[in-house]
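Structure assessment
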Amino acid sequence: MCRLIGYLGNSIRLDELLYKPEHSLYKQSYSPLELKSGIVCADGVGVGWYDEVGKPFIYRNTIPLWNDPNLEELSNYVESTCTVGYARLAGIGESLNISNCQPFRSGKLLFVHNGEISDFQQTLYRPIRESLSDSTYRLIKGMTDSEHIFALLVQMWQSYPDCTLFDALCMTLQKLTELASKHDTSFSANIIVSDGQAVVAVRYAYRTQAPTLYWSSDSLKHPNQVIVASEPLTNQNWTAFAEQSILFVQPYSLQPTISLLERFAPIGV
């Protein structure tokens with residue numbers, strides 16, 4: 001399982017999220033406290049951010065975060081109001097190449113995922129691909145279940161241009177639940193996705209348990225920031241996501257909306 005982070009708020013340098021906190025993403029990569037499926041996240045690192053006009057950028061590497069001096073240099077310089085990132089623990093059989101590294105990007109969307117589809121190659125690999133348009137299908141460059149979930153999200157986002165990012169993610173989870181039920185498998189999906197204007201984060205699973213996820217919004221010390229992370233970055237002001245819950249936050253109104261997703265039953269199968 002990977003370690004995730006997402007941020008929306010006033011402009012800060014990337015090192016404020018990746019390196020400086022006492023339990024930063026950097027530290028979580030080699031000394032995680034709540035990682036259940038491994039010991040360290042040594043299989044890659046990635047960060048995505050938006051510049052001052054809302055253009056998304058990504059940095060990805062296949063080496064461990066703790067062994068990446070280029071990212072440390074970059075994070076001391078780049079500032080952004082919206083950021084997502086992760087430290088990778090590859091799934092069984094997944095190769096260590098750049099195509100399998102997150103964040104994934106399409107248009108203005110940036111996406112990171114922690115979790116897995118059980119027996120992905122034998123269960124939902126082809127069903128997900130068969131659900132995609134030709135243009136969305138061609139977005140897939142790697143072999144991970146994470147990228148296929150992202151492609152399904154892009155499909156929903158493009159198919160319903162008037163829907164919100166919140167709605168698109170909900171429809172994606174609904175479709176995954178239906179496919180998992182039909183093909184008798186399970187999945188977990190902790191996801192953080194942004195279009196540069198809003199951040200949506202979810203802790204969700206079907207027939208299994210989702211990894212941990214937390215959010216923080218300190219109205220006194222940092223009233224213009226919301227952070228989501230697999231593990232708390234500090235010892236204060238963090239709230240655990242409930243099972244099957246989703247957070248939605250927009251700029252200039254940084255009061256997260258938390259909703260439960262109990263309505264996602266497998267229907268139509």
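Please refer to the structure higher up on the page.
These lines cover the structure that appears in this document, whether it is placed above or below. Note that the structure is a prediction, hence the values are computed from the model and not measured.

1. Describing the overall build of the protein chain
The secondary structure content of the protein chain amounts to seven helices and 13 strands. At 17 Å, the protein chain has a C-alpha radius of gyration in line with the 18 Å of a compact globule built from 269 residues. Dimensions of the protein chain, computed from the C-alpha atoms along their principal axes, are close to 50 × 40 × 35 Å. A total of 269 residues make up the protein chain; the buried ones form 57% of that total. In the protein chain, 65% of the contacts between residues at least 6 apart in sequence involve partners at least 24 apart. A total of about 12000 Å² of accessible surface is found on the protein chain, and carbon and sulfur atoms cover 48% of it.

2. A few points about the pairing of strand β2 (residues 45–50)
Judged by how many residues are buried, β2 sits mostly within the fold: six of six residues are covered. Burial along β2 is two-sided: V45, V47 and W49 facing one way and G46, G48 and Y50 facing the other are all buried. The pairing of β2 with strand β3 (residues 56–61) spans six bridges and is antiparallel. Within the sheet, the bridge partner assigned to Y50 lies in β3 and is P56. As consecutive antiparallel partners, β2 and β3 are separated by five residues, and within that stretch G54 has a phi angle of approximately 90°, a positive value.

3. Here we look at the pattern of salt bridges
One pass over the full model with this rule turns up six salt bridges. Salt-bridge contacts for R126 lead to E130; the nearest nitrogen and oxygen are separated by 3.6 Å. Here R126 and its partner E130 are both found in helix α4 (residues 125–130), four residues apart, which amounts to about one turn of the helix. Here R126 falls in the exposed class, since its relative accessible area comes to 58%. The exposure class of E130 is exposed, given its relative accessible area of 57%. For D184, the salt bridge identified is with R207, shortest N-O distance 3.0 Å. Linking D184 in the loop between α7 (165–182) and β7 (187–194) with R207 in the loop between β8 (199–206) and β9 (214–216), this pair joins segments that are 23 residues apart in sequence.

4. Quick notes on helix α6 (residues 145–159)
Helix length check: α6, at 15 residues, gives a terminal C-alpha distance of 21 Å against a target of 21 Å (1.5 Å per residue), a fit within 8%. Taking burial as the measure, the 15 residues of α6 include 12 buried ones, the bulk of the element. If you check which residues of α6 are buried, you get D145, S146, E147, H148, I149, F150, A151, L152, L153, V154, Q155 and M156. The inward-facing, buried residues of α6 abut β5 (104–106), β6 (109–114), α4, α5 (134–137), α7 and β7.

5. Topic: the layout of surface pockets
One number sums up the size of the largest pocket: a volume of about 610 Å³. Forming the walls of the largest pocket are 27 residues, and the residues nearest its centre are G91, I92, E94, E116 and D145. When residues of the lining of the largest pocket are traced back to their parent elements, those giving at least two are β6 and α6. Split by residue class, the lining of the largest pocket holds nine nonpolar, 13 polar and five charged.

6. Here's the deal with the sheet that holds β3
The antiparallel open sheet is built from seven strands, whose spatial order is β3-β2-β4-β1-β10-β9-β11. In this open sheet, the two strands that pair with only one neighbour each are β3 and β11 (239–240). As paired elements, β2 and strand β4 (residues 79–87) share five bridges and run antiparallel to each other. Paired with W49 across the bridge in β4 is T83.

7. What to know about the side chain of S75
Here S75 is to be found in helix α3 (residues 69–75). If near-sequence neighbours (up to four positions away) are discounted, S75 is found in contact with R13, L14, D15, L18 and Y19.

8. Considerations on unusual backbone geometry
Note the cis peptide between Q102 and P103, where omega equals 0°. Of note in this structure, D119 is not a glycine but carries a positive phi near 50°. Mapped onto the fold, D119 is located in the loop between β6 and α4. D119 gets classed as exposed once you look at its relative accessible area, which sits at 54%.

What counts as what
- Counting starts from 1 at the beginning of each chain's written sequence and moves along it residue by residue.
- Totals for whole chains, interfaces and linings use all residues, but because this is a predicted model, local features are given only for residues with pLDDT of at least 70 and pairs of side-chain atoms are given and counted only at 80 or more.
- Based on all heavy atoms of the structure, the side-chain values leave hydrogens and waters out of the count.
- Put simply, DSSP H or I for four residues or longer makes a helix, DSSP E for two residues or longer makes a strand, and each gets a number counted from the N terminus.
- To get the radius of gyration, use the C-alpha atoms; to get the globule rule, take the number of residues to the power 0.38 and multiply by 2.2 Å.
- Burial status follows relative accessibility: with a 1.4 Å probe on protein chains alone, a residue under 20% of its type maximum counts as buried, one over 50% as exposed, and anything between as partly exposed.
- Contact definition: two residues touch when any of their heavy atoms are within 4.5 Å.
- Note on areas: Shrake-Rupley with a 1.4 Å probe; residue coverage comes only from the protein chains shown.
- When DSSP finds at least two bridges between two strands, those strands are taken to pair.
- The working definition used for a salt bridge is a side-chain nitrogen of Lys or Arg within 4 Å of a carboxyl oxygen of Asp or Glu.
- Expected helix span is computed as 1.5 Å times (number of residues minus one).
- Method remark: on a 1 Å grid restricted to protein atoms, a set of points is classed as a cavity if a 1.4 Å probe fits but cannot get out and as a pocket if it is open with protein on both sides within 12 Å along at least five of seven lines; lining residues have an atom within 4 Å of a point.
- Grid points are joined across faces, edges and corners, and a volume is the space filled by probe spheres set on the points.
- Three categories are distinguished: nonpolar for Ala, Val, Leu, Ile, Met, Phe, Trp, Tyr, Cys and Pro, charged for Asp, Glu, Lys and Arg, and polar for the others, with Gly belonging to the last.

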